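The primary structure of each chain is shown beneath.
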Protein chains: 2
Amino acid sequence: MYKFPASTLVSHAIILQPVIVQASFKTQKDLLGCRTKVPRNVNMEKLRNGYLFPEISRLEVQHIEKYPNAKLISLGIGDTTEPVPQIITSSMANYAHALSTVDGYTGYGPEQGNKALRKAIAKEFYKDLPIKDTEVFVSDGAQSDITRLQLLLGSNVTIAVQDPSFPAYIDSSVIIGQAGVEDEAGRYGSIEYMKCGPHNNFFPDLATTSRADIIFFCSPNNPTGHAATRKQLEQLVNFARENGSIIIFDSAYSSYIKDDSPRSIYEIPGAREVAIEISSFSKFAGFTGVRLGWTVVPEEVLYSNGFPVIHDFNRIVCTCFNGASNIAQAGGLACLSSEGFLAVRSLVDYYMENAKILVETFASVGLKVYGGTNAPYIWVHFPGSNSWDVCTKVLEKAHIITIPGSGFGPSGEEFLRISAFGHRESIREASSRLKSLFL
Amino acid sequence: MYKFPASTLVSHAIILQPVIVQASFKTQKDLLGCRTKVPRNVNMEKLRNGYLFPEISRLEVQHIEKYPNAKLISLGIGDTTEPVPQIITSSMANYAHALSTVDGYTGYGPEQGNKALRKAIAKEFYKDLPIKDTEVFVSDGAQSDITRLQLLLGSNVTIAVQDPSFPAYIDSSVIIGQAGVEDEAGRYGSIEYMKCGPHNNFFPDLATTSRADIIFFCSPNNPTGHAATRKQLEQLVNFARENGSIIIFDSAYSSYIKDDSPRSIYEIPGAREVAIEISSFSKFAGFTGVRLGWTVVPEEVLYSNGFPVIHDFNRIVCTCFNGASNIAQAGGLACLSSEGFLAVRSLVDYYMENAKILVETFASVGLKVYGGTNAPYIWVHFPGSNSWDVCTKVLEKAHIITIPGSGFGPSGEEFLRISAFGHRESIREASSRLKSLFL
């Protein structure tokens, strides 16, 4: 296996330095010298680095400036690249056109989403499961709903996250004031980090996991690509029930599951009383830019005082949000027609073929590869290496953007996350460059 | 002037009772009996009533059930009713269609909004003002950004609001934990209520206003319809500068200003150091369902420690939001083309003609009317009356939905807010019914 000689390593510190922010800060202080008396939010101060994905975008821009002639390939941010099937875009276009007619014009829709879409989501994504349309809240994407759930819960709850995990869980927890202080290893004192790696088949050792009020759990997992098995999720639900915790289950990648792993937490008996599920059309239908998602809050999820969580979430949605774009909702409804469903299925298959190529690429050079069979992410192990160093090396030598595992949490160290979103020719070209680099 | 005999009054308590919530709460507790150990957010507990506008919608639904044959007219929620000009809907439809092509497909856009739209907003809405495109953050609407600004500020700031005011300012303040405890009059202990009424030309007496970190100020005002004069806004900016406060200026109705009242707080010298501005395409272009707005954070707005607010707001936008729908943004850009701008201008003129009819209607029956000349809202005074009683009476007798002024704060008592959004024939019919009722 390839090992980077220490002398060629570029320090990640250079990359992650929030250069722009610090520079402007200084300039403005010198220039203006007029401060308000409004204190900076202490929670914002606790966010030491920028949010991971914009930082990766910035890295990309810097690289293009440095090597304007290099053909940069991005396997970094998990951003869909393939056109949306026409049946869906036509539906959105028709909706848009209708807005200029007297009969087709619509103003504010219900904050919770249009009834037809809520029904279709309940029916298509929760077949044979007793999810009511009134328990489905349409959103402008899972990321916004993660924050709305944090607002709902407030600062007096404790949270647990998989380590590594999608960074919005922790960052939103810091912003709302649940997280405590960050230590030198990058762990916040009040958050329970549930280590997930090859050693435990990417499922936390619950016997040594402290109770938390809220357990964020993502399956198929971003970044590791692991889809939790039925048995694992049964353990998780039992753990939550025993501890009186609420699971926030992120199933944004459920459509990528190829085997019989559960696609929804509600496939597990008892989950309706302890789980909220957030999900998205982004990766399912190429809606990353269109913005559409949903959250399910079953009526049975109750606070310790017996009050139903769904009523407070409804209040948050009505007060802090005004519904997803009506045009995007028309697109979502088209995705869930039988023809639309088949069409978006082919998008998922396309990206999963990419994933297969990338899994084979890394395996062929002797690296240990995880994920990529039930998820569009590949999680590659570089034992003994600093993941920012590997990321930098791959960028400098192969002009490929990846994401260092440590960006997803301390246990992501030694790993790279590789996204399978991309045009096929880019994936093939990336495969070829990676083989040359690592062989 | 018409006075309601006390005996015909229907108590507003019946209407505002959160019936559904309480009923389900009880049923579920009895039925399920399985509670988690997660405490309910104390801030959510402090929100005693439902959010105003969904409550009004519920009132509407109840009335239709009660009088299925009555032709209900809504002058309640300020929801646009007229078709969006074709030049704008075509632009959105074209964008949607392009998403099904290889060249036209786009995934995640910048969280802050597309560059072209940010530039167009800076150029068209802030002509001759030094607003940079990088200070413009595109949103999915002003309501979402009010909450994102509250998240940014956190629970350790104090706020002041106009009384009456758009209820999202106070409700989001309660949710984030700034508001303190509500007294019997409906005032939260930690919020500074700045009374605005005919007695002070709808501008607070700043000499008796306590300092707050954050001052929410809406002009043209929702609900009173008053557009603050230049002199008033100069006083406001000076007050903020003297006190080291930050103004959050809501200019969502600025396109309705007909006289020379400022359309942006940045027309006032010194505002760039103390003001954030939120605004929206909703009422400007009939985008209430399409969802598009923006927030301006000038680089010069600094916290007490000298740190620029813009950097923290950028972090919030990147972490808690993922950009507005790309299709909606294409529509926003079309609104700001010279042809699009003219087209949406005619929408504003249409609603302002409605406003004129409604102002004349109430004036003709001897009622004192405010607003309606620089804003699509009319604020009608019913001296000595309870505003919920008047609202109920108008609904029962004329089948017209209005909003009781007290829903916007204690100083809204004795007033009704009348929305000028509606088809012309409905407005004329409403005018006729109102004249019959009050003459």
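Just so we're clear, the structure is a prediction, and the values are computed from it rather than from any experiment.

## Focus: the overall build of chain A
- Scanning chain A from terminus to terminus reveals 15 helices and 13 strands.
- Seen through its principal axes, chain A has C-alpha atoms that stretch 65 × 55 × 50 Å.
- Relative to its 439 residues, chain A shows a buried fraction of 64%.
- The long-range share in chain A, meaning contacts at least 24 apart out of those at least 6 apart in sequence, stands at 74%.

## Comments concerning the interface of chain A and chain B
- Taken together, the contact between chain A and chain B spans 100 residues of the former and 100 residues of the latter.
- Of the roughly 8700 Å² buried between chain A and chain B on both sides combined, carbon and sulfur atoms contribute 60%.
- The three residues of chain A that bury the most area against chain B are Y105, Y108 and R315 of chain A, which together make up 9% of that side's buried surface.
- For the interface between chain A and chain B, the tally reads four salt bridges.
- D312 of chain A is the partner of R40 of chain B in a salt bridge, and the nearest nitrogen-oxygen pair spans 2.7 Å.
- Among the secondary structure elements, those contributing two or more residues to the side of chain A that touches chain B are α2 (19–32), α3 (42–45), α5 (86–98), α7 (142–153), α8 (167–176), α9 (230–243), α11 (309–320) and α12 (326–335) of chain A.
- Taken together, the residues of the side of chain A that touches chain B break down into 43 nonpolar, 37 polar and 20 charged.

## Describing the pairing of strand β4 (residues 191–195) of chain B
- Most of β4 of chain B sits inside the fold, with four of its five residues counted as buried.
- Taken together, strand β3 (residues 159–163) of chain B, helix α8 (residues 167–176) of chain B and β4 of chain B constitute a β-α-β crossover, and its handedness is right-handed.

## Some words on the nonpolar core
- With 285 residues, the main nonpolar core has I121, F281 and F287 of chain A together with I121, F281 and F287 of chain B as its most contacted residues.
- In this structure I121 of chain B touches Y126, V136, V138, F281, W294 and L336 of chain B, once residues within four positions along its chain are discounted.

## Some thoughts on the sheet that holds strand β7 (residues 275–280) of chain A
All names here are of chain A.
- Judged by pairing direction, the sheet is mixed, and its seven strands sit side by side in the order β2-β8-β7-β6-β5-β3-β4 without closing on themselves. For this open sheet the edge positions go to β2 (136–139) and β4 (191–195), each flanked by a neighbour on one side alone. With strand direction ignored, the average angle separating the axes of adjacent strands in the sheet is 20°.
- Relative to β4, strand β3 (residues 159–163) runs parallel, the two being bridged by five bridges.

## Details of the UniProt feature "domain: Aminotransferase class I/classII large" (unreviewed entry) in chain A
- Those residues carrying the UniProt feature "domain: Aminotransferase class I/classII large" (unreviewed entry) are residues 71–433 of chain A in this numbering.
- Between the end C-alpha atoms of residues 71–433 of chain A the distance is 11 Å, and the span holds 37% helix and 15% strand.

## Focus: the packing of aromatic side chains
- This structure, assessed with the given rule, holds 58 aromatic pairs over all chains.
- Measuring from centroid to centroid gives 5.8 Å for Y350 of chain A and Y351 of chain A, while their planes differ by 85°, and the two rings are edge-to-face.
- For the pair Y256 of chain B and F421 of chain B, a centre-to-centre distance of 6.1 Å together with 85° between the ring planes defines the contact as edge-to-face. Taken as a pair, Y256 of chain B in the loop between β6 (246–250) and β7 (275–280) and F421 of chain B in the loop between β13 (415–419) and α15 (424–438) lie far apart in primary sequence, 165 residues in all. The burial state of Y256 of chain B is the same as that of F421 of chain B; both residues are buried.
- Through a chain of ring-to-ring contacts, three or more aromatic side chains come together here, namely Y51, F53, F166, Y169, F202, F216, Y370, W379, F408 and F415 of chain A.
- One Lys or Arg, R187 of chain A, reaches over the ring of Y193 of chain A and ends 5.9 Å from the middle of that ring.

## Some remarks on the domain arrangement of chain A
Residues and elements named next belong to chain A.
- One can read the domain layout of chain A as domain 1 (8–25 + 39–82 + 343–438) and domain 2 (86–338).
- A separation of 24 Å is found between the C-alpha centroids of domain 1 and domain 2.
- Taken together, the contact between domain 1 and domain 2 spans 38 residues of the former and 46 residues of the latter.
- Put simply, domain 1 and domain 2 have one salt bridge between them.
- Applying the counting rule to domain 1 against domain 2 returns 14 residue pairs in polar contact (both at pLDDT 80 or more).

What counts, and at which threshold
- Residues numbered from 1 in each chain as written.
- Chains lettered and ligands numbered in written order.
- Predicted model: local features only at pLDDT ≥ 70, side-chain atom pairs only at ≥ 80, totals over all residues.
- Heavy atoms only, no water.
- Helix = DSSP H or I, 4+ residues; strand = E, 2+ residues; numbered from the N terminus.
- Buried < 20%, exposed > 50% of the residue type's maximum accessible area, 1.4 Å probe, protein only.
- Contact = heavy atoms within 4.5 Å.
- Buried area = accessible area lost by both parts, 1.4 Å probe.
- Salt bridge = Lys/Arg side-chain N within 4 Å of Asp/Glu carboxyl O.
- Nonpolar A, V, L, I, M, F, W, Y, C, P; charged D, E, K, R; others polar.
- Right-handed = clockwise from strand over helix to strand, strands pointing away.
- Core = buried A, V, L, I, M, F, W, Y, C linked by side-chain atoms within 4.5 Å.
- Pairing = 2+ DSSP bridges.
- Axes fitted to C-alpha atoms, helices over the stretch in contact; angles between N-to-C directions.
- UniProt positions renumbered as here; feature names shortened; annotations may be inferred.
- Phe/Tyr/Trp six-rings, centres within 6.5 Å; stacked < 30°, edge-to-face > 60°.
- Lys NZ or Arg CZ within 6 Å of the ring centre and 35° of its normal.
- Domains from an automatic or database assignment.
- Polar contact = N/O pair within 3.5 Å; in protein donor to acceptor, adjacent residues only side chain to side chain.

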